[in-house]
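Examining the three-dimensional arrangement
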Amino acid sequence: RPEQIAEQYEMEVKSISKGRDCFLCETDLGMRALKEYRGSVERAEFLAGMLDFLKEQNIVAEQIFYTKEGEIFARDEEEQNYLLLSVFRGAECDTKSREDMVYAVRLLAGLHNATEQYPDEVPEFVKMNPNALLLLYEKHNRELRQVRNYIRGRKQKNEFEEMFMRQFAGFFEKAQAVTEQLQNMEICEELTGFCHGDYNQHNVVFSREGVAVVNFLNFSYQIRVSDLSNFVRKMMEKNNWNTSLGMELIGAYDSVRKLKPQELSYLYFYLAYPEKFWKIANHYSHSHKAWLSGRNTEKLSKVVAQEGAREHFLQTLAGKVENRI
């Protein structure tokens, strides 16, 4: 029970409610969040230290609190670990507001600049394989083939399956092209750095304390533009792959932290892979085929309808990559 976990901290709890992937606690010290944690003690302590460091660098970010016993996390009766985090009240980054989105990418660039000042050694447990993106896309390609082979073998195909088969060749060709280009890329050490790991509109909060970055549990050391690409892709999907918006977001980041030519190339590969097509196929693969929702067909139709706009944006970005090189 969250009450029993909260008792392990030096605070007076007034009320507890269910939040997104957490328990929200109204306390005498302000709002706090109890969040399940499945990592090691070392990683949690490193993260707490990093968040304190970011605060010193004037980045408004959540903080991790220790228990009464000086432990980094609390445990429930089933030995599940929980972290206690500060909470910022406010509005999330609005995906319909250019001002919000531009502010968010500038903030991300500032966050990346701040982490470059980190004085201590980078722990091995936060380092990701430099080839993680290539390995991920190769895995995605295998999964796409598996879905294609499964649907091909079905005698009675529903509307979604017929549409998927019509679209498969075109999207898979693009997926393979990006994967092959990545195989020929050499990764420089200077491309890697500390990353938020899940930078999206939900994790940027416009609060009274300032614009805060939250949910650092996927914090890692990897190719830094993965953060930027994740944010830009989500904003573009929400805005019909509006080319001027995408280029403005990339330009806003670049104005705070100059993107190297190879970083721009990686950004292009991140955004050129047909991620949404794979995501829909993967969701279908793990769903109950007999109860398939019409929502899947709607989502696939939207991806197909947006593909022309996505291609136009990618061509514009490719031109910027060539100019920078």
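Heads up: these notes are all about the structure in this document. Predicted model only: the values in this text are computed from it and were never measured.

Overview of the pairing of strand S9 (residues 204-207)
Where strand S7 (residues 90-92) meets S9, three bridges bridge the pair, whose relative direction is antiparallel. Residue pairing in the sheet places Ala91 in a bridge with Phe206 of S9. In terms of strand pairing, S9 meets strand S10 (residues 210-213) through four bridges, oriented antiparallel. Looking at the pairing, Val205 lines up with Ala212 of S10. Where S9 folds back on S10, the antiparallel hairpin that results is connected by two residues.

Some points on helix H8 (residues 261-272)
Between its first and last C-alpha, H8 extends 17 Å over twelve residues, near the 16 Å set by a 1.5 Å rise per residue. Along H8, the residues that are buried comprise Glu263, Leu264, Ser265, Tyr266, Leu267, Phe269, Tyr270, Leu271 and Ala272. Tucked into the core, H8 has its buried residues touching helix H4 (132-152), helix H5 (159-183), strand S11 (220-223), helix H6 (225-238), helix H7 (243-256) and helix H10 (294-324).

Looking at the state of the cysteines
Considering all chains together, one arrives at zero disulfides under this definition. Summary of cysteine pairing: Cys25 is not part of a disulfide, and the nearest cysteine sulfur, belonging to Cys22, is at 8.3 Å. You can call Cys25 buried: its relative accessible area is 0%.

As for the pairing of strand S3 (residues 30-37)
S3 sits mainly inside the fold: six of its eight residues count as buried. As paired elements, strand S2 (residues 22-27) and S3 share five bridges and run antiparallel to each other. If you follow Phe23 over to S3, its bridge partner there is Leu34. Linkage of S2 to S3, two consecutive antiparallel strands, is achieved through a turn of two residues. Pairing analysis gives six bridges linking S3 to strand S6 (residues 81-86), with the strands arranged antiparallel. In the strand pairing of S6, Tyr37 is matched with Asn81.

What to know about a negative patch on the surface
Negative charge collects at one region of the surface, where Glu42, Glu45, Glu69 and Glu71 lie side by side. Secondary-structure assignment places Glu45 in helix H2 (residues 41-56). Since its relative accessible area comes to 39%, Glu45 is described here as partly exposed.

Some words on empty space enclosed by the protein
Unoccupied space between atoms shows up once a probe the size of one water molecule is rolled over them. The final tally for this structure, using the stated rule, is one cavity of 30 Å³ or more. Here the largest cavity is characterised by a volume of approximately 40 Å³. As for the largest cavity, its lining consists of Pro130, Asn131, Ala132, Leu133, Leu134, Leu182, Ile187, Ile223 and Tyr266. It is H4 that provides the largest number of residues to the lining of the largest cavity, a total of three residues.

Remarks on unusual backbone geometry
The backbone of Asp21 shows a phi angle near 60 degrees, a positive value even though the residue is not glycine. With respect to the helices and strands, the residue Asp21 is situated in the loop between strand S1 (13-19) and S2. Positive phi values are uncommon outside glycine, yet Trp241 reaches one of about 50 degrees. On the secondary structure map, Trp241 appears in the loop between H6 and H7.

A word on the nonpolar core
Membership of the largest hydrophobic core comes to 87 residues, with the highest contact counts inside it found for Leu54, Phe164, Phe194, Phe216 and Phe313. Core analysis: the second largest hydrophobic core is formed by ten residues, Ala6, Met11, Leu34 and Ala74 among them.

Some points on H2
Over its 16 residues, H2 runs 23 Å from end to end, which matches the ideal 22 Å to within 8%, given 1.5 Å per residue. All of the buried residues in H2 are Arg43, Ala44, Phe46, Leu47, Ala48, Met50, Leu51, Phe53 and Leu54. On the buried face of H2, the contacting elements are S3, strand S4 (64-65), S6, helix H3 (98-115) and strand S8 (192-195). Where H2 ends, the next residue or the one after it, Asn58, has phi of about 65 degrees, a positive value.

Some words on a positive patch on the surface
The grouping of Lys96, Lys238, Lys276, Lys279, Lys299 and Lys302 at the surface amounts to a positive patch. The topology assignment puts Lys238 in helix H6.

A short note on the packing of H4 against helix H9 (residues 275-285)
In the contact formed by H4 and H9, the axes pass within 10 Å of each other and the chain directions differ by 55 degrees. If you check the angle between H4 and H9, you find them oblique. Regarding H4 and H9, the two cross each other, and that crossing is left-handed. Taking contact as the criterion, the partners of Tyr137, His140, Glu143, Leu144, Val147, Tyr150 and Ile151 in H4 are, on H9, Glu275, Phe277, Trp278, Ala281, Asn282, Tyr284 and Ser285. Among the residues forming the contact of H4 with H9, the class breakdown is nine nonpolar, three polar and two charged.

Criteria and cut-off values
- All residue numbers here refer to positions counted from 1 along the written sequence of the relevant chain.
- Reporting of local features is limited, given that this is a predicted model, to residues whose pLDDT is at least 70; pairs of side-chain atoms are given and counted only at 80 or more, and all residues count toward the totals for whole chains, interfaces and linings.
- In computing side-chain properties, one takes all heavy atoms of the structure into account and sets aside hydrogens as well as water.
- Strands pair, by our definition, only if DSSP identifies at least two bridges between them.
- Counting from the N terminus, the helices are the DSSP runs of H or I reaching at least four residues and the strands are the DSSP runs of E reaching at least two.
- Helix span is expected to be 1.5 Å times the residue number reduced by one.
- We call a residue buried when its accessible area falls under 20% of the maximum for its residue type, exposed when it is over 50%, and partly exposed in between, using a 1.4 Å probe and counting protein chains only.
- Only heavy atoms enter the contact rule, under which two residues are in contact if any of them lie within 4.5 Å.
- Counting rule for disulfides: a pair of cysteine sulfur atoms within 2.5 Å.
- Patches in this entry comprise residues that are over 30% relatively accessible and not in a salt bridge; like charges within 9 Å are linked, as are nonpolar side chains (Val, Leu, Ile, Met, Phe, Trp, Tyr) within 5 Å.
- Here the open area of atoms and residues is found with the Shrake-Rupley method and a 1.4 Å probe, where only the protein chains shown may cover a residue.
- One speaks of a salt bridge when a side-chain nitrogen belonging to Lys or Arg is within 4 Å of a carboxyl oxygen belonging to Asp or Glu.
- For the purpose of counting charges, residues Lys and Arg are taken to be positive, whereas Asp and Glu are taken to be negative. His and the chain ends are not included.
- Taken as the charge location is NZ of Lys, CZ of Arg, CG of Asp or CD of Glu.
- Here the term cavity refers to a set of points on a 1 Å grid, laid over the protein atoms alone, in which a 1.4 Å probe fits but cannot get out; the term pocket refers to an open set having protein on both sides within 12 Å along at least five of seven lines, with lining residues being those that place an atom within 4 Å of a point.
- Grid points are joined across faces, edges and corners, and a volume is the space filled by probe spheres set on the points.
- Each nonpolar core is a collection of buried residues, namely Ala, Val, Leu, Ile, Met, Phe, Trp, Tyr and Cys, held together in the definition by side-chain atoms within 4.5 Å.
- Note on method: axes are straight lines fitted to C-alpha atoms, helices fitted across the in-contact stretch only, with angles between N-to-C directions ranging 0 to 180 degrees.
- Any angle that is under 35 degrees is reported as roughly parallel, and any over 145 degrees as roughly antiparallel; angles of 65 to 115 degrees are reported as roughly perpendicular and all others as oblique.
- Throughout, a crossing is termed right-handed when the near helix is turned clockwise from the far one, and left-handed when it is turned anticlockwise from it by less than a right angle.
- Polar here means any residue other than Ala, Val, Leu, Ile, Met, Phe, Trp, Tyr, Cys and Pro, which are nonpolar, and Asp, Glu, Lys and Arg, which are charged; Gly is therefore polar.

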